[in-house]
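# Overview (structure and organization)
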Amino acid sequence: MSDYSSLSAMPADDDSLLATTRRVLRVEAEALTALADRLDGQALRALQVLRDCRGRVVVSGMGKSGHIAGKIAATLASTGTPAFFLHPAEACHGDLGMLTQDDVLLALSYSGESDELLALLPYLRRQKIPLVVLTGNPGSSLAKAAEVVLDAGVREEACPLGLAPTTSTTAALALGDALAVALLEWRGFGADDFALSHPGGRLGRRLLIQVADLMHAGEHLPVVRISDVLPQALEVVTRKRLGFAAVLDDTGALVGIFTDGDLRRAVSRFADLRSVTVGQVMTPKPRCVQADTLAVEAIALMEQAPKITSLLVLDEQQQLVGAIHLHDLLNAGLL
């Protein structure tokens, strides 16, 4: 056995540090390749048990395995498989009530001899809760009690002492990811489903937020009549602070939009703006979207015509119900 007692006293130069970093990555990468090649019918059986679970996949582990178990539970939950992490020590002191007969326990223990996990076995047997074990020791006590055993053993830890869980935790984490993705594909879990469980993330915002969620409506919507003179229109545009106003005819139908650009053009055309009506200078047939249009689609419309920074919003009856500005989309984190 190598003597590592003097490692801390051996200063490492930059080249040695970089070489160690590369070695760790190669050791762990080789372990993942070996794990992929070793997967067999037990992996398929584990997927079937997890797939057929009528309740939640409860993931548990102690120490570093517990950290990995927590991440696996989070990945499962975010990809369509209801799951949560259960701390085995807390489970032994009352939290076992979280486990139901409809659940499956996915237990992580590299040695397969974790006392806290072994303490759960009588309850699992009594409640007939399926146990899937992810371990580096298929002959362990925990593995012998399992319905399915996933062998995540590795040839060596990347830690030169062979003590700190490094390669083994990477293998467990990657195997958990593999299970989650396989279940995702089996469920037909798509981007829209992912967005529903990630409303706070960028993807969730892009796939969930509609124009109706961001638009200015009601008293915040700048509206003028086609017969209004420009001073009246300017007062509305200034007060509503969007830089434009929707133009309606005498029946209330949308006929145009009055913008800063229209005002500048009017200045060059008319000597006296006080008697000029909005209908004389407005932009007819403005670009519009439906209220249920995704906000990202509104962005695409604006990108097609770079000079357009706002869109008017119509309901199903083609009546004006709102307006959305580029700033609204920026503030929502969609750009």
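Please refer to the structure higher up on the page.
Predicted model, so just to flag it, every value in this text is computed and none were measured.

Attention shifts here to the sheet that holds strand β3 (residues 104-108). The strand order β2-β1-β3-β4-β5 describes an open sheet built from 5 strands, whose pairing is parallel. In this open sheet, the two edge strands, each paired with only one partner strand, are β2 (83-85) and β5 (148-151). Within the sheet, the average angular offset between the axes of one strand and its neighbour, ignoring direction, is 20°. Alignment of strand β4 (residues 131-135) against β5, held across 4 bridges, turns out to be parallel.

Here we take up the side chain of glutamate 157. Here glutamate 157 lies in the loop between β5 and α8 (167-187). One buried charged residue, glutamate 157, forms no salt bridge at all, with the nearest opposite charge on arginine 23 at 9.7 Å. A distance of 2.6 Å separates a polar atom in the side chain of glutamate 157 from a polar atom in the side chain of serine 168. If we skip the residues at most four places from it in the chain, glutamate 157 touches Gly162, Ala164, Pro165, Thr166, Thr167 and Ser168.

Before going further, it helps to examine the pattern of salt bridges. What the rule picks out here adds up to 10 salt bridges. Across the pair lysine 71 and aspartate 177 runs a salt bridge, and its minimum N-O distance is 2.8 Å. Of this pair, lysine 71 sits in helix α3 (residues 63-78) while aspartate 177 sits in helix α8; the two residues are 106 residues apart in sequence, bridging distant segments of the chain. By relative accessible area, which is 35% here, lysine 71 ends up partly exposed. Residue aspartate 177 is classed as partly exposed on the basis of its relative accessible area of 26%. A salt bridge links arginine 239 to glutamate 235, with the shortest nitrogen-to-oxygen separation between them at 2.8 Å. Here glutamate 235 and arginine 239 lie together in helix α12 (residues 230-240), a separation of 4 residues that amounts to about one turn. Note on arginine 239: relative accessible area 47%, which makes it partly exposed.

Residues of helix α2 (residues 41-51) that are buried: Ala43, Ala46, Val49 and Leu50. Along the axis of α2, the buried residues cluster in a sector spanning 120°; they form a single face. Check the buried side of α2 and you find it contacts β1 (57-61), β3, β4, β5 and α8. Where α2 begins, the side chain of aspartate 40 points an oxygen toward the backbone nitrogen of glutamine 42, at a separation of 2.9 Å.

With that out of the way, let us pick up the pairing of β3. For β3, the tally of buried residues reaches 5 of 5 residues, placing the bulk of the element in the interior. Across 5 bridges, the pairing between β1 and β3 is parallel. Looking at the pairing, glycine 61 lines up with leucine 108 of β3. Both β3 and β4 contribute to a ladder of 4 bridges, which runs parallel. The partner of leucine 105 across the bridge, within β4, is leucine 131.

Conventions adopted
Residues numbered from 1 in each chain as written. Predicted model: local features only at pLDDT ≥ 70, side-chain atom pairs only at ≥ 80, totals over all residues. Heavy atoms only, no water. Pairing = 2+ DSSP bridges. Helix = DSSP H or I, 4+ residues; strand = E, 2+ residues; numbered from the N terminus. Axes fitted to C-alpha atoms, helices over the stretch in contact; angles between N-to-C directions. Buried < 20%, exposed > 50% of the residue type's maximum accessible area, 1.4 Å probe, protein only. Lys, Arg positive; Asp, Glu negative; His and termini not counted. Salt bridge = Lys/Arg side-chain N within 4 Å of Asp/Glu carboxyl O. Polar contact = N/O pair within 3.5 Å; in protein donor to acceptor, adjacent residues only side chain to side chain. Contact = heavy atoms within 4.5 Å. Arc of directions from axis to C-beta.

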